[in-house]
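Each chain is listed here by its residues.
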Amino acid sequence: MLRAIADVLRQIGGAIATVVTLPFRALARLFGGASSAGRGRRA
């Protein structure tokens, strides 16, 4: 029983972590891609 509860809490924590980190990853990809593309075009 405790193991099942721990598994559920772990899954919820993982889902929350992915939801929280996804926007930051998207922003990093946008800024990183824009900066790298800008550098490539200017050079």
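Residues numbered from 1 in each chain as written. Predicted model: local features only at pLDDT ≥ 70, side-chain atom pairs only at ≥ 80, totals over all residues. Heavy atoms only, no water.

Under the annotation held in an unreviewed UniProt entry, the protein chain carries the name LPFR motif small protein and is attributed to Streptomyces chlorus.

### Quick notes on the overall build of the protein chain
What counts, and what does not: Secondary structure counts use DSSP, requiring at least four H or I residues in a row for a helix and at least two E residues in a row for a strand, with both numbered from the N terminus. A simple rule labels every residue: compare its accessible area, found with a 1.4 Å probe on the protein chains alone, to the largest value its type can have, and call it buried under 20%, exposed over 50%, or partly exposed in between.
In terms of regular secondary structure, the protein chain is built from one helix and zero strands. A total of 43 residues make up the protein chain; the buried ones form 2% of that total.

### Re the pattern of salt bridges
Quick note on the threshold: Salt bridge, as applied in this entry: a Lys or Arg side-chain nitrogen positioned within 4 Å of an Asp or Glu carboxyl oxygen.
Inspection of every chain in the model, using the stated rule, returns one salt bridge. In this structure, Asp7 engages Arg10 in a salt bridge whose closest nitrogen and oxygen atoms are separated by 3.3 Å. With Asp7 and Arg10 both in helix α1 (residues 2-42), this residue pair falls three residues apart, about one helical turn.

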